[in-house]
Amino acid sequence: MATVFIPTPLRKFTNNTAKLEVAGNNVSEVVSKLTGNFPELKRHLINADGKIPSFINIFVDDDDIRNLQQEQTVVKENTIISIVPAIAGGRE
Amino acid sequence: MLYIEKDLVDDLIAVAESIDEECCGFLFGYERFGDRIVTETMVAQNVAKNRRDRLFEISPKEYLDAERYADANNLKVLGFYHSHLDHPAIPSESDRIAAYPELSYLIVSVINRKFKDIRSWRLNASARFDEEVINDRTIN
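Keep in mind it's a predicted model, so treat the numbers as computed, not measured. (Residues numbered from 1 in each chain as written. Chains lettered and ligands numbered in written order. Predicted model: local features only at pLDDT ≥ 70, side-chain atom pairs only at ≥ 80, totals over all residues. Heavy atoms only, no water.)

1. Thoughts on the sheet that holds strand β1 (residues 2-5) of chain A
All names here are of chain A.
Consideration 1: Spatial ordering of the open sheet is given by β2-β1-β5-β3-β4, a layout of 5 strands whose pairing is mixed. With partners counted over all chains shown, the strands left at the sheet margins are β2 (19-22) and β4 (63-64), one partner each.
Consideration 2: Where strand β3 (residues 56-60) meets strand β5 (residues 80-85), 5 bridges bridge the pair, whose relative direction is antiparallel. When the bridges of β5 are listed, Phe-59 appears paired with Ser-82. (Pairing = 2+ DSSP bridges. Helix = DSSP H or I, 4+ residues; strand = E, 2+ residues; numbered from the N terminus.)

2. Considerations on unusual backbone geometry
All names here are of chain B.
Consideration 1: For Arg-51, which is not glycine, the phi dihedral falls at a positive 50°.
Consideration 2: Here Arg-51 is to be found in the loop between β3 (35-44) and β4 (56-58).
Consideration 3: One non-glycine residue, Glu-102, lies in positive phi territory at about 80°.

3. Side note on the environment of Asn-15 of chain A
All names here are of chain A.
Consideration 1: Along the chain, Asn-15 turns up in the loop between β1 and β2.
Consideration 2: Assessed through its relative accessible area of 63%, Asn-15 is described here as exposed.
Consideration 3: Considered as a pair, Asn-15 and Ala-86 are 71 residues apart in the sequence and their alpha carbons are 22 Å apart. (Buried < 20%, exposed > 50% of the residue type's maximum accessible area, 1.4 Å probe, protein only.)

4. Here we look at the interface of chain A and chain B
Consideration 1: Listed per partner, the contact involves 25 residues of chain A and 31 residues of chain B.
Consideration 2: For the pair chain A and chain B, the summed buried surface comes to about 2500 Å²; carbon and sulfur atoms form 59% of the total.
Consideration 3: Run the count over chain A and chain B and you get 5 salt bridges.
Consideration 4: Between chain A and chain B we count 16 residue pairs in polar contact (both at pLDDT 80 or more) in total.
Consideration 5: Counting residues per element, the ones that place at least two in the side of chain A that touches chain B are β3, β5 and β6 (87-89) of chain A.
Consideration 6: Note that β6 of chain A and β4 of chain B share 3 bridges and pair antiparallel. Bridging across to β4 of chain B, Gly-89 of chain A finds its partner in Phe-56 of chain B. (Contact = heavy atoms within 4.5 Å. Buried area = accessible area lost by both parts, 1.4 Å probe. Salt bridge = Lys/Arg side-chain N within 4 Å of Asp/Glu carboxyl O. Polar contact = N/O pair within 3.5 Å; in protein donor to acceptor, adjacent residues only side chain to side chain.)

What follows is the structure in structure tokens.
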């Protein structure tokens, strides 16, 4: 199973767990399984269209899945999937 | 309450005063009995595509590296800091929209390149910011 690394802002939805073992053949399956196990994560990771929202970045090991095969990126046993929310703001 | 050593605050202020764009970065530390103790800060590059004097953005990879650093060093990302140039240390709507609960959002106000104020904020259950007291023993 792949390891999913949960960033600090989302750990409140995973019982404060930072690393989770989740089964799946690709990123889409892993995210689906993850949000099935932790339903409160779903509104952060899946939008109304059933897609991963633009303000959530997902890395497979060191690569953004936007540079791979998006949500169809293949996941292997030793893959580490990291969920990375966008961090932004400013005076405006 | 957010505890942060004066030396760390001074470093943040020095960076904020030295550039003509919003600075930004990470607050690392740990929690104890409801208090949050910042033990380290790390500057990040502001990669906002425009108006970096009014906006900041941290690259996903840099943020991921910061989370990995915290994990490897038994620390926690307690929050983020950024500066407001010629503007109060009060979160904007764009700050609010991008914020997550549980984290501290430290804002350094710089007016005419001089430090004016530093305040910390946390998102409440209604998705509004409440001010978080900074331990004033660490700040002049």
